[in-house]
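# Structural overview
Here is what each chain is made of, one letter per residue.
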Amino acid sequence: MSDDDQNRPAAYADAELADSASLCADVLRNVANRWRARLVAGRLGDRPPDETDRLVRSLEEAAALVEGSHDGQRISLPTSSETEERFRRLVDSVRDYAIFMLDPEGRVLSWNTGAERIHGHRAEEIIGSPLARFYPEEDAKAGKPERELAVAATEGRYDSEGWRLRKDGSRFWATVVITSQRDDAGHLRGYAGVLRDITAQRQAAEVLRQSEERFRLMVEAVQDYAIFMMSPEGRVSTWNIGAERIKGYRADEILGRHFSIFYTEADRARRHPEEELAKAKRVGRYAEEGWRVRKDGTLFWASVVITALRDSKGRLIGFAKVTRDLTERRRQDELRDTLRARDEFLSVASHELRTPVSALQLQLESLCEVVHDPAPERSVDLGARLDRAVHSASRLARLVEALLDVSRIATGQFELDLAPLDMREVVSQAIDHLRAEAARAGCDIRLDLPAQPALGRWDRVRVEQMVFNIVTNAMKFGRGKPIEVSVVPSGERMTIAIRDHGIGIAAEDRERIFDRFERAVTSRHYGGLGLGLYITKQIAAAHGGSVGATSAGEGTVFSIDLPRTRDDHAAIEGGRDDVERA
Amino acid sequence: MTSNEPEPHQHLVLVVEDDQDLREIVSDVLGARGYRTDCAVNGEDALEKLANDHKPCVILLDLMMPVMDGWTFRQRQLEDPKLRDIPVIVLTAHASATQVGEELAASAFLAKPVSLKSLLSMIQRVCAAEGAPAS
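Counting restarts for each chain: residues are numbered from 1 in the order of the written sequence. Here the convention is simple: chains get letters from A, ligands get numbers from 1, in the order in which they are written. The predicted nature of this model means local features are confined to residues of pLDDT at least 70 and side-chain atom pairs, given and counted, to a pLDDT of 80 or more, with totals for whole chains, interfaces and linings taken over all residues. Calculated side-chain values reflect all of the structure's heavy atoms, with hydrogen atoms and water omitted.

Residues and elements named next belong to chain B. What counts as a disulfide here is a pair of cysteine sulfur atoms lying within 2.5 Å. If you walk through the whole model with that rule in mind, you get one disulfide over all chains. Between the sulfur atoms of Cys-57 and its disulfide partner Cys-127 the distance amounts to 2.3 Å. Sign of the S-S torsion, about 40 degrees for the bond between Cys-57 and Cys-127, identifies this disulfide as right-handed. With Cys-57 in the loop between α2 (43–52) and β3 (58–62) and Cys-127 in helix α5 (residues 116–129), this residue pair connects regions lying 70 residues apart in the sequence. For helices the rule is a DSSP run of H or I covering at least 4 residues; for strands it is a run of E covering at least 2, with both sets numbered from the N terminus onward.

Given below as structure tokens:
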């Protein structure tokens, strides 16, 4: 132990220390007694009894030591370093506490350095003053100091928190403990007071409280976002204006209810809400866009973010959920997409009509010339020219019909007229209609039909249309090469396979070519409208079938796969949906 | 036939167009004016015809064709010193025909649908500019 440490207690050995020491001893003994009582009663909570016993003994020892310094004699410090440390801390801490004694009438008897520091009064200024002097005027007038002493006198102790006055009249926020002091006969000798200035802590707490309050008010006032908290199980625990506005529930209707109420029946059935929470719990956050249900049952398109909330120890305490209503934005996006698809369609359609219109125009103009100026050297086969003009006009008519089909599909008006048919007959007739054109393209069409009738219920015109679309496509991309068409019944299904020997289709393009306006080759290469395969796909789908393409080596095989029986009068489903997504 | 029309028999026109109806009628109306025509159904076909047959005084070129399109054909033609100088009239259904014509450094362009009058006057003009004798 250093000289300094040895000398230090002696510096306190003056009259003031005597008072403080007496008070300290009281405080120490009070604490020791309380813990002794708890030790005996076994009410120690987590504290180990051994350590508590040691602490109590140290406190008692310290109390005795402090009392021993009453007459100013040098305090001999205990040899136990533990006790010494506790004692020193106690003395130090006294600077942070106002510790004072009051007589039974509540007048100040003693006043420590902590009290001087906190209140600003020196001991000689304040000894003999009533307790009420430290209270704000309204409290003093209301008789608060007297009431507090009365409680301390009867209960032995009074704890309070409140405003107190400094010498300069300024206020501070204090915690105060007043204990009554009684002699052995039980007569009231006075009171001991311990006071602490916690203004700074209170201000910090107040700032925090105000900040939290402002944040809460802000969240509550947000209109455009539903912001709410949920328990770890997903029960709603807070609710803001935005949530009320978007979802339609008032706070009192929704608090405590499970958040799966905001989901569609289908989402609930597949336990999607629970999965969202599980994902948020696992990775901290889950975000998605999807349909949600308002209180009135209507759907809205929501952008959702769920964030897991954890305490400082990492335990899940709940979830925060932020939801935005993007229905309007989605509607605008869809509208824009629809308009874009329409513009694209009009552009493609007008583009594709220009070539056959050119042919027809030149044919008619040349016919006019011949009629108006029938010079002998220009005598041409008028009949052949008229035939070609008629042919061009009928091609235009087919093109217009295809455009109308697309329009019907888009508006869900596309319907099938099913009838019992022999597929052999349907396909061979469709091919017969194409023979002349195939011959002009140098394509030999080879037909492979089963020996037995291939019966089923289909729409004859639409099946012919599918065959026509795929075969003309084959002729376009495989000029001068043969095309093989076969009909293959298998069980309940019927397949029409069309094989060309053209340029083939890359694997990654084989799905895409069936989309509207899509072509596997660049648009520059393509002569057709780009609608043929799309319409074919829709017709197959309306029959409950499908159409696909495979390329192996040179050329492509298109397979139209249809069920043989389908009794309902089918309309193309999802046509409108297709437009919205296009 | 009026005196300021070109001497047509000298003039061979290569028609590159995948649409059969249009190909045939263009061939017909040019034939009636005394032009000789050679027809190709796409760019690849046209390159074969140019390799084997007589050099035409003008190529009437469609753009959107299967197998080899007009853009690719034009590129190949410009790369070949023997073919480079043959004038090309682009026949396009493209909405911005002017721009396409410029991109391809074509002698001229015709936007579909094309009229008989503009087709004939364009071919006559380009062939005449080639130094063909006018009758």
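A word on the sheet that holds strand β3 (residues 157–165) of chain A. Residue and element names in this part refer to chain A. Here we have five strands laid out as an open sheet, ordered β2-β1-β5-β4-β3, and antiparallel in their pairing. Of all strands in the sheet, those with a lone pairing partner are β2 (108–111) and β3, marking the two edges. Averaged over all pairs of adjacent strands, the angle between their axes in this sheet comes to 25 degrees, without regard to strand direction. Two strands form a pair only when DSSP identifies at least two bridges running between them. As judged from the nine bridges shared by β3 and strand β4 (residues 171–182), these two strands associate in the antiparallel manner. Its bridge partner being in β4, Ser-160 is matched across the sheet by Val-176. Only heavy atoms matter for contacts: two residues are in contact if any of them lie within 4.5 Å across the pair. Working convention: axes come from line fits to C-alpha atoms, limited for helices to the stretch in contact. Angles between N-to-C directions cover 0 to 180 degrees. Helix α8 (residues 144–155) rests against β1 (97–102), β3, β4 and β5 (188–197) of the sheet, and its axis sits at about 160 degrees to β3.

At the interface, 29 residues of chain A touch 33 residues of chain B. Both faces considered, chain A and chain B share a buried interface measuring about 2,900 Å² in area, 53% of it formed by carbon and sulfur atoms. Take a side-chain nitrogen of Lys or Arg and a carboxyl oxygen of Asp or Glu: if they are within 4 Å of each other, that pair is a salt bridge. Across the contact surface, chain A and chain B share eight salt bridges. At the level of secondary structure, the elements contributing two or more residues to the side of chain A that touches chain B comprise α14 (327–372), α15 (382–410) and α17 (460–477) of chain A. Sort the elements by how many residues they give to the side of chain A that touches chain B and α14(A) lands first, with 13 residues. Of the residues in the side of chain A that touches chain B, the class split is five nonpolar, twelve polar and twelve charged. Here's the idea: put two parts together, see how much 1.4 Å probe accessible area each one loses, and the total over both is what we call buried area. Gly counts as polar in this scheme, as do all residues outside two lists: the nonpolar Ala, Val, Leu, Ile, Met, Phe, Trp, Tyr, Cys and Pro, and the charged Asp, Glu, Lys and Arg.

By the definition in use, this model includes 51 salt bridges over all chains. In this structure, the salt-bridge partner of Asp333(A) is Arg336(A), at a minimum N-O distance of 3.4 Å. Placement of the pair is Asp333(A) and Arg336(A) together in helix α14, with a separation of three residues, close to one helical turn. For Asp19(B), the salt bridge identified is with Arg395(A), shortest N-O distance 2.5 Å. Separated into two different chains, Asp19(B) in the loop between β1 (12–16) and α1 (20–32) and Arg395(A) in helix α15 make up a pair that spans both. Overall, Asp19(B) belongs to the buried group, its relative accessible area being 8%. Throughout, exposure labels follow a simple rule: accessible area from a 1.4 Å probe, protein chains only, divided by the maximum for the residue type, with under 20% read as buried, over 50% as exposed, and the rest as partly exposed.

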